[in-house]
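Below, each chain spelled out in residue letters.
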Amino acid sequence: MKRSFALIIALLLLLCSCAGEVREDTTEIPEVTADVDILLSAAGFETLYDGELDATWVYRTDINSGFFTRILVYKDGKTSLRLICTDAGSFEYNGKTYDIESGDTSADADLTDILRKIAGGESCRVGGREITDKERAALDSVIKLCDASYGASNTAETKPEKTAPETDEEGNRIFDNGSFSIKYPASFEAVYDNGSLTLVSGEGKQRTVSVLYVKTKFSPSLADKDAARMSVTEQGGKLISEISETTLSGKTAYKYKYELDGVFITQYFADGGEGTYILTAGTYEISDLIPDNVISTFKIKQEAE
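Keep in mind the model is a prediction, meaning the values are calculated, not measured.

Q: Before we go on, may I ask you to explain the sheet that holds strand β11 (residues 173-176) in this structure?
A: What holds strands together in a sheet is hydrogen bonding between their backbones, with the strands either parallel or antiparallel. The four strands lie next to each other as β10-β11-β12-β21, forming an open sheet whose pairing is antiparallel. Edge positions in the open sheet fall to β10 (166-167) and β21 (299-300), since each of these has one partner strand only.

Q: I'm lost on the packing of helix α3 (residues 109-119) against helix α4 (residues 133-149) in this one. Help?
A: Any two packed helices are characterised by the angle at which their axes cross and by the distance between the axes. Where α3 meets α4, the axes come as close as 8 Å, and the angle between the chain directions of the two elements is 135 degrees. Taken together, the axes of α3 and α4 lie oblique to each other. Where α3 crosses over α4, the handedness of that crossing is left-handed. In this structure, α3 uses Thr112, Leu115, Arg116, Ile118 and Ala119 to contact α4, whose residues at the interface are Arg136, Leu139, Asp140, Ile143 and Asp147. Grouping the constituent residues of the contact of α3 with α4 by class yields five nonpolar, one polar and four charged.

Q: Help me understand the pattern of salt bridges, please; the structure alone is not making it clear to me.
A: Considering all chains together, one arrives at 17 salt bridges under this definition. A salt bridge links Asp140 to Lys144; its shortest N-O distance comes to 3.2 Å. Remark: Lys144 and Asp140 occur in helix α4; sequence separation between them is four residues, near one turn of the helix. Under the relative-accessibility criterion, Lys144 is labelled exposed at 52%. Linked by salt bridges that have partners in common, Asp87, Arg129 and Glu135 make up one network.

Q: Any chance you could explain the sheet that holds strand β7 (residues 104-106) here in plain terms?
A: Taking strand neighbours across the sheet as the criterion, the five strands line up as β1-β2-β3-β4-β7 in an open arrangement whose pairing is antiparallel. Since the sheet does not close on itself, it has two edges, and those belong to β1 (45-50) and β7, each with one partner. Strand after strand, the sheet turns through a mean of 30 degrees between neighbouring axes, direction not considered. Examined bridge by bridge, strand β4 (residues 79-85) and β7 share three bridges and lie antiparallel to one another. Bridge pairing in β7 places Arg82 opposite Ser106. In the packing of α3 onto the sheet, contacts are made with β3 (67-74), β4 and β7, and the angle to β4 comes to roughly 55 degrees. Strands in contact with α4 are β1, β2 (55-60), β3 and β4; relative to β3, the strand with the most contacts, it is inclined by about 20 degrees.

What counts and what doesn't
Residues numbered from 1 in each chain as written. Predicted model: local features only at pLDDT ≥ 70, side-chain atom pairs only at ≥ 80, totals over all residues. Heavy atoms only, no water. Pairing = 2+ DSSP bridges. Helix = DSSP H or I, 4+ residues; strand = E, 2+ residues; numbered from the N terminus. Axes fitted to C-alpha atoms, helices over the stretch in contact; angles between N-to-C directions. Parallel < 35°, antiparallel > 145°, perpendicular 65-115°, else oblique. Left-handed = near helix turned anticlockwise from the far one by under 90°. Contact = heavy atoms within 4.5 Å. Nonpolar A, V, L, I, M, F, W, Y, C, P; charged D, E, K, R; others polar. Salt bridge = Lys/Arg side-chain N within 4 Å of Asp/Glu carboxyl O. Buried < 20%, exposed > 50% of the residue type's maximum accessible area, 1.4 Å probe, protein only.

Put into structure tokens, the structure is as follows:
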């Protein structure tokens, strides 16, 4: 279960990192506006609204740590290409060290040109290591997407049209994969990948809900407070509640709350028959009940395979 717990934490890193970036951004935003439709419809990218910045992050879904870039899109169509480094406060290129304050900086024309050369294969060291091919590929795709939004030739694929999800009489969306169902507000986006469901608020306050099924038998040992505290502490968090017994979908479940990097998280472990469902609610406000309300609609329909 410890490995599964770490996987759930990884699902929340995007929420933590997006909120932790650029809180005092004084960099001048480019005067030329971008084609927002190109940015928001590119395949291989996801979007997340940032309520504090009143802007939308456009990011690669396959890289959330290391040396990478994201695009910040403001409502008027102006953008900021952000360079983010989670490994060190600087990087080395062509014999020169470039500082990245607070782990993230706006890429002006000169820095963007350097990033293009790095994406093309030129040497770049960060945190005592050479950046990886995956990091180069991600830099290349983000910069090309940014260029395309300003009129460069665009060869990027677009996302397929989404099929409208089922809704209930109150307008809430319903995710149903045959094994379980869950209701969520229409303002949330749902991503289901490799057996893991992640729901992220698309506007207003940032919130996440995730559902994961693991093939580990549900056990009362999940209510061991010392084990829970150790797992939370190892991730850099702090347990802020007792472990309580509750029910989800009529099945026994255990839950507790902890705080990690300013995110208040409620962790649920629910009896899934031959396995265990791990459900996680994340929010920046301890009194925000919407993620927990979403989890309360969770229904097990049949045993997961």
